[in-house]
Amino acid sequence: MDWRIPLADIDFDSREEAAVLEVLKSRWLTMGGVTQVFEQEFASYVGARHAIAVTNGTAALHLACLAAGLGRGDEVIVPSLSFVATANAVRYTGAVPIFVDIESEQDLDISLTSIEQKLTERTRAIMVMHYGGYACDMPAIVTLARAHGIKVIEDAAHAIGSDIDGRKLGVWGDIGCFSFFSNKNMTTGEGGMIVTNDDAAADKMRTIRSHGMTTMSWDRHKGHAWSYDVVELGYNYRIDEIRAALGRVQLSKLEQNNKKRRNLSVLYREQLEELVPSVVVPFNNPRGTSACHLFPILLPMGCDRIGFMEHLKSNGIQTSIHYPPIHKFLTYAEGSDAQLDLRLTETVSSREVTLPLFAALTEENVVDVVRSVQGAVQKLNSK
Ligand SMILES: Cc1ncc(COP(=O)(O)O)c(C=O)c1O
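We now turn to the structure provided with this report. (Residues numbered from 1 in each chain as written. Predicted model: local features only at pLDDT ≥ 70, side-chain atom pairs only at ≥ 80, totals over all residues. Heavy atoms only, no water.)

**A few points about the pairing of strand β10 (residues 295-298)**
To keep things clear, this is the line we draw: Relative accessibility under 20% of the residue-type maximum defines a buried residue, over 50% an exposed one, and the middle range a partly exposed one, all with a 1.4 Å probe and only protein chains included. What counts as a helix is a DSSP run of H or I of at least four residues, what counts as a strand is a run of E of at least two, and both are numbered from the N terminus. DSSP-based pairing: two strands are paired if at least 2 bridges between them are found.
Every second residue of β10 is oriented toward a common face, with Phe295 and Ile297 on one face and Pro296 and Leu298 on the other, all of them buried. Here β10 pairs with strand β11 (residues 352-355) via four bridges, running antiparallel. Of the residues in β11, the one forming a bridge with Phe295 is Leu355.

Below, the structure is given as structure tokens:
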């Protein structure tokens, strides 16, 4: 489908092309020197001691769960209003995701009260997800976790460049995970990054990123090693030099592009004002500075969401849903806690629609989308 206004778009130009060409000409394609520089630049950008580039955000979450020591018999508190990878990563380790509710219609992030209610002696970690780039209540969540001796993993896939009081998301908890999937604020096609200040966790994740091997092909190529040992069960979760090169250029554009996203989000809020409160625009008073990855709205109660999305589609505007709740998916619903009471997650999820947002979206586009939103709401309300 050829959308007049797509949901998301990438910002690639001659700089990405030149960076990729340079790697191709170097004839070293697998993880090596470019990746190391990308990791150093990313670590310095978020203010972490370590950054470890991986093949995608899901691999980042999996390695984080393993480094947090999760395994069979452990429970991890996770939001249900997230992409399924958040919970899948927990399950890969044998641990059980314990789903909790969101804070409110305004704050679609994990609820602190809900976390407190689900803590048991088997809880080993809290996995937060900064919805749309809007920060969870990290000061309170980290304090709670410390008091209970449990880890905090941040799924910061949406939050590349978000911060609270100048401290970047991803470095509030023990380990932070980012995705560079092609709809994210910076992209390498597929790709991800893990950040941490914990030296031992970083060592472990670096080792199991590449089969648990003690040296890499790159070390041998550089003449630093002849052989290797395999010290634990690992995976092939490596990134490659082509994607690392893309990542370096994308990182250099991130601040500027996030600023554009923030300005467009402010404009969306102004333009949508007259539809409030029947349409809810979440995160009116966010914590800290958001990377504004998504622009979610909640349709009026009982509004036909598919009809709404079809109306925008007929105007060439792409929309999406973030997210169907994870605890309702077949593979999660089976055998789950019958008492699961995630009322807010379920109502918000049934009313949510994500409007187009990307750095190159124009102000005229925003006005155009909002006009279409108004038309759709009027049409569907009068039915
Ligand atoms: C919230 C969230 N977590 C995890 C992921 C997984 O990242 P990836 O697609 O890079 O594996 C995504 C990606 O879409 C995401 O949006």
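**Topic: the side chain of Ser372**
Note the cut-off: Polar contact criterion, stated in full: a pair of N or O atoms within 3.5 Å, where within protein one must be able to donate a hydrogen and the other to accept it, and residues adjacent in sequence count only if both atoms are side-chain atoms. Here, two residues are considered to be in contact whenever any of their heavy atoms come within 4.5 Å of each other.
For Ser372, the location among the structural elements is in helix α13 (residues 363-381). A polar side-chain atom of Ser372 sits 2.5 Å from a polar atom in the side chain of Asn315. What Ser372 contacts, discounting residues up to four positions off in sequence, is His311, Leu312, Asn315 and Ile317.

**What to know about helix α6 (residues 138-148)**
Structurally, the α-helix is built with 3.6 residues per turn, so residues lying three or four positions apart point the same way. Worth spelling out the cut-off: Note that the arc is computed from the directions linking the helix axis to the C-beta atoms.
Considered for burial, the residues of α6 that qualify are Met138, Ile141, Val142, Leu144 and Ala145. One side of α6 holds all its buried residues, which, seen down the axis, span an arc of 160 degrees. Along α6, exposed side chains directed more than 90 degrees from the buried face belong to Thr143 and Ala147. Check the buried side of α6 and you find it contacts α5 (112-118), β4 (123-129), β5 (151-155) and β6 (163-164). Phi turns positive, to about 65 degrees, at Gly149, one or two residues after α6.

**Quick notes on the site of the ligand**
Test applied: A single heavy atom is enough: if one lies within 4 Å of a molecule or strand, its residue is considered near that molecule or strand. The protein chains shown are the only cover counted for residues, whose accessible areas, like all others here, come from Shrake-Rupley with a 1.4 Å probe.
What surrounds the ligand is a group of 16 residues, the closest being Gly57, Thr58, Asp155, Ser179 and Lys184. Between the ligand and His158, the relevant distance is 3.1 Å, taken from an oxygen atom to a side-chain nitrogen or oxygen of the residue. A distance of 2.7 Å is found between an oxygen atom of the ligand and a side-chain nitrogen or oxygen belonging to Ser179. The fraction of the free accessible surface of the ligand (390 Å²) that becomes covered by protein chains is 92%.

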